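# Inside the fold
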Amino acid sequence: MGDAPLTTLSGCGPKVAAKLSERGLSCLQDLWLQLPRRYEDRTRITPIAMLQPGVAAQVEGRVEAVERGFRYRPVLRVAIGDESRGTLVLRFFHFRAAQAAQFVPGTRLRCYGTPRSGQNGLEMVHPSYRMLGEVDEDLGDLLDPVYPAIEGVGPATLRRMIGQALDRLPPDDALELLPAPMLEPLGLPPLRQALLTVHRPPRDADLAALLAGIHPAQRRLALEELLAHHLSLRRQRIAQQAHAAAPLCDDRLVHELLRQLPFALTSAQQRVFGEIRVDLARPSPMLRLVQGDVGSGKTVVAALAAMLAVAAGKQAALMAPTELLAEQHLANLAGWLAPLGVRVAWLAGKVTGRARTRALAEVASGEAQLVVGTHALMQEGVAFHDLALAIIDEQHRFGVHQRLALREKGRAGASAAVPHQLVMTATPIPRTLAMSAYADLDVSAIDELPPGRTPVQTVALSAERRPELVERIRAACAEGRQAYWVCTLIEEPGEDTGAGAAMKVEAQAAETTFESLSNQLPELSVGLVHGRMKPAEKQATMAAFKAGAIDLLVATTVIEVGVDVPNASLMIIENAERLGLAQLHQLRGRVGRGSAVSSCVLLYRSPLSQVARERLQTMRETNDGFLIAERDLSLRGPGELLGTRQTGVAEFRLADLARDADLLPQVHDMAERLLCTDPAVADRLVQRWVGGAVRFAGA
Ligand code: ADP
Ligand code: MG
């Protein structure tokens, strides 16, 4: 049925099948789910006199004149006319002699294309056309689908094969997996009908809805796909929890750490740590995501969790996405944990030679109780003695695979148990989305900032007012405060030049700004960090800024994640209109960490697009990361919100998390019901849409 290979279609040899399989299309069902990108309406004839430039249409007429010419290259021009007394020129640049010979004056033909204004009225370049006999031929009553192009397979071949595959759609009762009582209240059609409608819409279908992807037939398909993905993640989670993990319940070190800390936990921190503690005491692995706005104090919660592992005589690891951030964690944790006698090891890319050998030996022997580092933690040659807890900071920077890789490190250790996992992110995402993106994780939220923080005051200023800001920096620094000046891309680098070029352009912008600000503010110590500097230089500058030796730090967006300098109270972000909300919010989170009133100035260049205007407005209105995430979802869509390819969010065939977000509550509900009442159906749904392995983005 649906799993029959494509070679069972007539006209699909091994070569075409191979091309299709490169695009993930290997059985009939894959073709059913390969949806048209747009439609062509050949169900009606437009009188030639009514044609409008730029609007695709089908016309019928008789050949009036034919002209074969040669201007730089061969060209064939065919004029046709109809009863509306309009004339249309068909123009061909590639044609065979036999083709040209068909256009005998007086012959009737029907053609479809998009007319444009030419030298002599409207013309269509390379329209699709068909010769007609003298008898009238019926028009079809279905719109023609146009599928996304697939290299090596002509559009007509592809359309024919998908058509054949659809002809073999089984009857409803064999195809439908969703129980009618779940579907009916939603008012969505059965699967078979949905597929036929999307591939071959009737002429009176709501074309605007189809093109927007919100037709009930499309929503029906999206619902099923979202459901299948959700089920697949839920099942992974259930499988995970079938593993054994070391229960961690000795809280001696937790109490000691709490006594040592210079502050009391907020009630949100207490609640979230409480949830973690319950998880860790179980003999099955914890899988928990902690969402907490920038500055909400996730690190200390992670440290407390690590103390449960250490007190149990086991190891914990904390992995951060950048050296800068990892090093800051190292400094904080080493400070908190040294008095407790906990041995912290450091493993990053720049740890080489003897230091690396020593660190690896400590990790392998278990002497290192907490290991802090970057991706280097997952490299070959890193073997833990007994890893019981893997903590991953700023999850959105890592893919699912990296998360799983760190877990595998733990399995290779002394016990057969799987480590507990704690994942932290400062990029809050709306709850429904979190449930989809992280359906294999439990989610906790630290939704409260430590006391004494004053909300950052945010203003948006046009770039012309830049000179005033120089004075403002002078004044703030004269009061002993510190400031950030963030440079972002001014020019988009060429599309094919990629992130490296973006970083270069950004670095140049920062260097120029650094020079001009240094000149304008000679009494201040000005520092510079950007992504193209050596890690050692970057760290030296950051350390100097943190120590107060630098007053003004000119930086690119490299400072976005995690940097903590409470004395910094002013941030200026250049070209703020180019950044997304999540990134603006992250950047702004670098200030407002101390008790002084902080401000953030968003410099923009006019004219502002509507979306940019709304973003800046949102930033001025609120400091609440969760609210900002909701807005971001509606402005940008979840791909970008989740950090696009980095997130490990599965790639969908046709669903779109932003467009279809309103279906998610039903999806979650249906998934739970199916898992408990009909696991076999759940299996078949996952098999249908996801296959054996989840197709992770960028994996
Ligand atoms: P984030 O959640 O962004 O990772 P951090 O863990 O870096 O935040 O914490 C930000 C700052 O707040 C740090 O300097 C940390 O020591 C401090 N902090 C954390 N919890 C509290 C608290 N309960 N009271 C006061 N300060 C706290
Ligand atoms: Mg942090």
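Each value, and the rule that gives it
Residues numbered from 1 in each chain as written. Chains lettered and ligands numbered in written order. Predicted model: local features only at pLDDT ≥ 70, side-chain atom pairs only at ≥ 80, totals over all residues. Heavy atoms only, no water. Helix = DSSP H or I, 4+ residues; strand = E, 2+ residues; numbered from the N terminus. Buried < 20%, exposed > 50% of the residue type's maximum accessible area, 1.4 Å probe, protein only. Areas by Shrake-Rupley, 256 points an atom, 1.4 Å probe, with all protein chains shown as cover. Near = heavy atom within 4 Å. Polar contact = N/O pair within 3.5 Å; in protein donor to acceptor, adjacent residues only side chain to side chain. Nonpolar A, V, L, I, M, F, W, Y, C, P; charged D, E, K, R; others polar. Phe/Tyr/Trp six-rings, centres within 6.5 Å; stacked < 30°, edge-to-face > 60°. Lys NZ or Arg CZ within 6 Å of the ring centre and 35° of its normal. Salt bridge = Lys/Arg side-chain N within 4 Å of Asp/Glu carboxyl O. Core = buried A, V, L, I, M, F, W, Y, C linked by side-chain atoms within 4.5 Å. Contact = heavy atoms within 4.5 Å. Pairing = 2+ DSSP bridges. Axes fitted to C-alpha atoms, helices over the stretch in contact; angles between N-to-C directions. Parallel < 35°, antiparallel > 145°, perpendicular 65-115°, else oblique. Expected span 1.5 Å × (residues − 1). Arc of directions from axis to C-beta.

In the nomenclature of an unreviewed UniProt entry, the protein is known as ATP-dependent DNA helicase RecG of Lysobacter spongiicola DSM 21749.

## Side note on the overall build of the protein
Looking only at helices and strands, the protein features 25 helices and 22 strands. Counting the 699 residues in the protein, one finds 53% classified as buried. Roughly 30600 Å² of accessible area belongs to the protein as shown, and the carbon and sulfur atoms make up 52% of that amount.

## A look at the site of ligand 1
Neighbouring residues of ligand 1: 17 residues in total, closest Gly295, Lys298, Thr299, Arg453 and Asp564. In this structure, Gly297 approaches ligand 1 through a main-chain N or O atom, which is 3.0 Å from an oxygen atom. A distance of 3.5 Å separates an oxygen atom of ligand 1 from a polar side-chain atom of Arg593. In the complex, the protein chains occlude 85% of the 560 Å² of accessible area that ligand 1 would expose alone. Its residues placed into classes, the shell around ligand 1 shows six nonpolar, six polar and five charged.

## Description of the packing of aromatic side chains
Any aromatic ring pair is given by two values, namely how distant the centres are and how the planes are angled relative to each other. In the structure shown here, the tally under the stated rule is five aromatic pairs. An angle of 80° between the planes, with centres 6.4 Å apart, marks the rings of Phe263 and Trp336 as edge-to-face. One end of the pair, Phe263, is in the loop between α10 (252-260) and α11 (267-280); the other, Trp336, is in helix α13 (residues 323-337), with 73 residues separating them in the sequence. Overall, Phe263 belongs to the partly exposed group, its relative accessible area being 37%. You can call Trp336 buried: its relative accessible area is 16%. A network of ring pairs unites the aromatic residues Phe92, Phe103 and Tyr129 as a single cluster. For the cation-ring pair, Arg42 lies above Tyr112, with the distance from its terminal atom to the ring centre recorded as 4.4 Å. The lysine or arginine in question, Arg73, covers the ring of Phe93, its NZ or CZ lying 4.1 Å from the ring centre.

## A few points about the pattern of salt bridges
All chains considered together, the criterion is met by 32 salt bridges. The residue Glu60 makes a salt bridge to Arg110 at a minimum N-O spacing of 2.7 Å. In this pair, Glu60 is assigned in strand β2 (residues 57-71) and Arg110 in strand β5 (residues 108-113), connecting sequence segments 50 residues apart. Note on accessibility: Glu60 and Arg110 belong to one class, buried. Between Arg659 and Asp660 there is a salt bridge whose closest N-O contact spans 3.2 Å.

## Re the nonpolar core
Membership of the largest hydrophobic core comes to 61 residues, with the highest contact counts inside it found for Leu20, Leu221, Leu227, Leu231 and Leu685. When contributions to this core are tallied by element, the ones reaching two or more residues are α1 (14-22), α2 (28-32), α4 (155-167), α6 (180-183), α7 (191-199), α9 (216-241), α24 (664-677) and α25 (679-689). Grouped together as the second largest cluster of nonpolar side chains are 49 residues, Leu253, Leu257, Val344 and Leu370 included.

## Concerning the environment of Thr107
Here Thr107 shows up in the loop between α3 (97-102) and β5. Distance in space between the C-alpha atoms of Thr107 and Glu134 is 8.8 Å, their sequence separation being 27 residues. Not counting residues up to four positions away in its chain, the partners in contact with Thr107 are Gly61, Arg62, Val63, Gln102 and Met131. Of note is the side chain of Thr107, whose polar atom sits 2.5 Å from the backbone oxygen of Val104.

## Observations concerning the environment of His199
Of note, His199 is situated in helix α7. Residue His199 is classed as buried on the basis of its relative accessible area, which comes to 0%. Along the chain, His199 and Ile162 lie 37 residues apart, while their C-alpha atoms are 8.8 Å from each other. A polar contact is formed between the side chain of His199 and the side chain of Tyr147, at a distance of 2.7 Å.

## What about the sheet that holds strand β3 (residues 73-81)?
The mixed open sheet is built from seven strands, whose spatial order is β6-β7-β4-β3-β2-β5-β8. Looking at which strands have only one partner, the edges of the open sheet turn out to be β6 (116-118) and β8 (128-132). Between one strand axis and the next, the sheet turns by 45° as a mean value, whatever way the strands run. As defined by bridge partners, β6 adjoins strand β7 (residues 121-125) across three bridges and the pair is classed as antiparallel. The partner of Ser117 across the bridge, within β7, is Leu122.

## Concerning the sheet that holds strand β14 (residues 387-392)
Taken together, seven strands build an open sheet; the order of strands is β12-β13-β11-β14-β15-β10-β16 and the sheet is parallel. Lying at the two open borders of the sheet, with one neighbouring strand each, are β12 (344-347) and β16 (442-446). Each strand axis lies, on average, 20° off the axis of its neighbour in the sheet, ignoring direction. Note: strand β10 (residues 287-292) against strand β15 (residues 420-425), five bridges, orientation parallel. Looking at the pairing, Gln291 lines up with Thr425 of β15. On the sheet, α11 packs against β10, β14, β15 and β16 and is oriented at approximately 155° with respect to β16.

## Quick notes on the packing of α24 against α25
A packed helix pair is summarised by two numbers, namely the angle formed by the two axes and the spacing between the axes. In contact at an axis separation of 6 Å, α24 and α25 are set at 125° when each is read in the N-to-C sense. The angle between the axes of α24 and α25 places the two elements in the oblique class. Together, Leu674, Leu675, Cys676 and Thr677 of α24 and Pro679, Val681, Ala682 and Leu685 of α25 make up the contact between the two elements. Its residues assigned to classes, the contact of α24 with α25 comprises seven nonpolar, one polar and no charged.

## Observations concerning α11
One full turn of an α-helix is made of 3.6 residues, so residues set three or four places apart face in the same direction. Between its first and last C-alpha, α11 extends 20 Å over 14 residues, near the 20 Å set by a 1.5 Å rise per residue. Within α11 the residues assigned to the buried category are Ala268, Gln269, Val272, Phe273, Ile276, Asp279 and Leu280. For α11, the buried positions fall inside an angular range of 125° around the axis, keeping them on one side. As for α11, its buried residues are in contact with α10, β10, α12 (298-311), β14, β15 and β16.

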